[in-house]
Amino acid sequence: MTNYLLKQNTLEEVIQRTSIPTLDLMASGKLPSSSMNILGSAPMKDMIAGLKQRYDFVFFDSPPIMGVSDAAILASEMDMVVQVIQYRRYPQPMNIRAKQMIEKVGGTLIGIVLNNINMSQDESYYYYSGYYHGYYYYSKNEEEQNAEAAEKGSGGDADRKEIKQKY
């Protein structure tokens, strides 16, 4: 990516094809010390716009938002942001601050991913995942039932099926 942004290579030269036909990759490259603002530059914005026209989805992996400004710059340019949190590594206020930083720069946070979870050693993870999974199951069925009731023109509670918890 930096080779393209510094006009050393074309976009076609820095995009790598993978063994998956619908997945291409562009490595970040080495950031020269003299190019501190390369991610917030006009060529970067132009590159992102070009990639959005070329691909259905464009993903950027960035360093932690709390450590350097690169992640904040990228978050401000992206349509959506997913925050990745290493499970039980950082205190909750730090994770909340990272979320606030994403929102402050205009990023749209659409979700959080927890990684490095050891499910065999953490009983509370299983409890909460079962709880939320059951809640999703309930919500999904309720929506489906409402749609079916609307199609039948009924909408009354008499036509509803009993919803059973999955766990």
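Procedures and definitions
- Sequence order as written defines the numbering, with residues in each chain counted from 1.
- Local features in a predicted model are, by the rule used here, given only for residues with pLDDT of at least 70; side-chain atom pairs are given and counted only at 80 or more, and totals for whole chains, interfaces and linings are based on all residues.
- Side-chain descriptors were evaluated using all non-hydrogen atoms of the structure, hydrogens and water having been removed beforehand.
- Any residue under 20% of the maximum accessible area for its type is buried, any over 50% is exposed, and the rest in between are partly exposed; the area is computed with a 1.4 Å probe on protein chains only.
- Elements are defined by DSSP. Helices are runs of H or I of four residues or more, strands are runs of E of two residues or more, and each kind is numbered from the N terminus.
- By definition, the arc is the one covered by directions from the helix axis to the C-beta atoms.
- Stacked, tilted and edge-to-face pairs are distinguished by plane angle, under 30 degrees for stacked and over 60 for edge-to-face with tilted covering the rest, among Phe, Tyr and Trp rings (Trp via its six-membered ring) whose centres lie within 6.5 Å.
- By definition here, a helix of n residues has an expected span of 1.5 Å times n minus one.
- Contacts are residue-level and defined by heavy atoms, with any inter-residue pair within 4.5 Å sufficient.

Asks: Quick one: what's the story with helix α4 (residues 70–77), residue by residue and with numbers?
Replies: Here α4 has its buried residues at Ala71, Ala72, Leu74 and Ala75. Taken end-on, α4 shows its buried residues confined to a sector of 165 degrees, consistent with a single buried face.

Asks: Tell me about unusual backbone geometry, and please be specific about residues and values.
Replies: Residues other than glycine predominantly adopt negative phi, and peptide bonds predominantly adopt the trans conformation. Non-glycine residue Lys7 carries a positive phi angle of around 60 degrees. With respect to the helices, strands and loops of the structure, Lys7 is situated in the loop between α1 (2–5) and α2 (11–14). For Lys7, a relative accessible area of 70% gives the class exposed.

Asks: Describe the environment of Arg97, and please don't skip the residues or the numbers.
Replies: Counting through the fold element by element, Arg97 comes out in helix α5 (residues 92–104). Here the alpha-carbon distance between Arg97 and Ile65, two residues 32 residues apart in the chain, equals 9.6 Å.

Asks: Just give me the short version of the packing of aromatic side chains, but keep the residues and values in it.
Replies: Tallied over the entire structure, the rule returns one aromatic pair. Centre to centre, the rings of Phe57 and Phe59 are 6.4 Å apart; their planes meet at 25 degrees, and the pair counts as stacked. On the accessibility criterion, Phe57 (63% relative accessible area) is exposed.

Asks: Which residues make up helix α3 (residues 42–54), and what are the values?
Replies: Taking 1.5 Å per residue as the helical rise, α3 with its 13 residues ought to reach 18 Å, and the 18 Å between its terminal C-alpha atoms agrees with that figure. Regarding α3, the residues found buried are Met44, Met47, Ile48 and Leu51. The buried residues of α3 occupy an angular sector of 100 degrees when the element is viewed end-on, so they sit on one face. Across from the buried face of α3, at angles greater than 90 degrees, the exposed residues are Asp46 and Gln53. Contacts from the buried residues of α3 go to α1, α2 and α4.

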